[in-house]
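# Working through the structure, step by step
Below, each chain spelled out in residue letters.
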Amino acid sequence: MLADGAIEEVRCMSPGHHDARSPDEIIVLALAEGNYEARWQLVSALQVRTDREAFEAARRLCEAPSAKERALGRTFLASSDWMTIPSTTSAWRP
């Protein structure tokens, strides 16, 4: 569960803000988070990322033995921006 200060930090992030934490750190926090709103803020922090590291972390979740992890992986991949990035950008594309 996120500490109160960490929840506030997540809530203050504007849409499109790149979270400095690694995808794996965000995933660990999201899986442990009991607060629905805070968990979705963490999901959003990963969804705005368009790098290979974030994609691979979400893909690994989809192969996890835990149903909770697989569901989180599907959520990350289903509502992320990876497939809507114009091909003229330098972002990595799956």
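In short, a report on the structure.

Rules and cut-offs
- Residues numbered from 1 in each chain as written.
- Predicted model: local features only at pLDDT ≥ 70, side-chain atom pairs only at ≥ 80, totals over all residues.
- Heavy atoms only, no water.
- Salt bridge = Lys/Arg side-chain N within 4 Å of Asp/Glu carboxyl O.
- Core = buried A, V, L, I, M, F, W, Y, C linked by side-chain atoms within 4.5 Å.
- Buried < 20%, exposed > 50% of the residue type's maximum accessible area, 1.4 Å probe, protein only.
- Helix = DSSP H or I, 4+ residues; strand = E, 2+ residues; numbered from the N terminus.
- Contact = heavy atoms within 4.5 Å.
- Axes fitted to C-alpha atoms, helices over the stretch in contact; angles between N-to-C directions.
- Parallel < 35°, antiparallel > 145°, perpendicular 65-115°, else oblique.
- Left-handed = near helix turned anticlockwise from the far one by under 90°.
- Nonpolar A, V, L, I, M, F, W, Y, C, P; charged D, E, K, R; others polar.
- Expected span 1.5 Å × (residues − 1).
- Arc of directions from axis to C-beta.
- Polar contact = N/O pair within 3.5 Å; in protein donor to acceptor, adjacent residues only side chain to side chain.

### Brief notes about the pattern of salt bridges
For the coordinates displayed, the defined rule picks out six salt bridges. A salt bridge links Arg49 to Glu53, with the shortest nitrogen-to-oxygen separation between them at 3.4 Å. Note that Glu63 and Arg59 form a salt bridge whose closest N and O atoms lie 3.1 Å from each other. Each of the salt bridges in this network shares a partner with another, and the network as a whole consists of Arg52, Glu56, Arg59 and Glu63.

### Overview of the nonpolar core
In terms of nonpolar packing, the biggest core is built from 14 residues, with Ile26, Ile27, Leu31, Leu46, Leu61, Leu72 and Phe76 touching the most fellow members. Listing elements by their share of this core, those giving two or more residues are helix 2 (23-32), helix 3 (36-47), helix 4 (52-62) and helix 5 (67-78). With residues near it in sequence (within four places) discarded, Leu72 still touches Ile27, Ala30, Leu31, Val43 and Leu61.

### Focus: the packing of helix 3 against helix 5
When two helices pack together, their arrangement is given by the angle between their axes and by how far apart the axes lie. Orientation of helix 3 relative to helix 5, taken along the N-to-C sense of each, is 50 degrees, at an axis distance of 9 Å. By the angle between their directions, the pair helix 3 and helix 5 is classed as oblique. Where helix 3 crosses over helix 5, the handedness of that crossing is right-handed. In this structure, helix 3 contributes Trp40, Leu42, Val43, Leu46 and Gln47 to the contact, and helix 5 contributes Leu72, Thr75 and Phe76. Partitioned by chemical class, the residues of the contact of helix 3 with helix 5 number six nonpolar, two polar and no charged.

### Examining helix 5
When the terminal C-alpha atoms of helix 5 are compared, their 16 Å separation across 12 residues agrees well with the 16 Å that a helix rising 1.5 Å per residue should span. Along helix 5, the residues that are buried comprise Leu72, Gly73 and Phe76. Each buried residue of helix 5 lies within a common arc of 100 degrees when the element is viewed along its axis, so the set occupies one face. With a side-chain oxygen lying 3.2 Å from the backbone nitrogen of Lys68, the N-terminal cap of helix 5 falls on Ser66.

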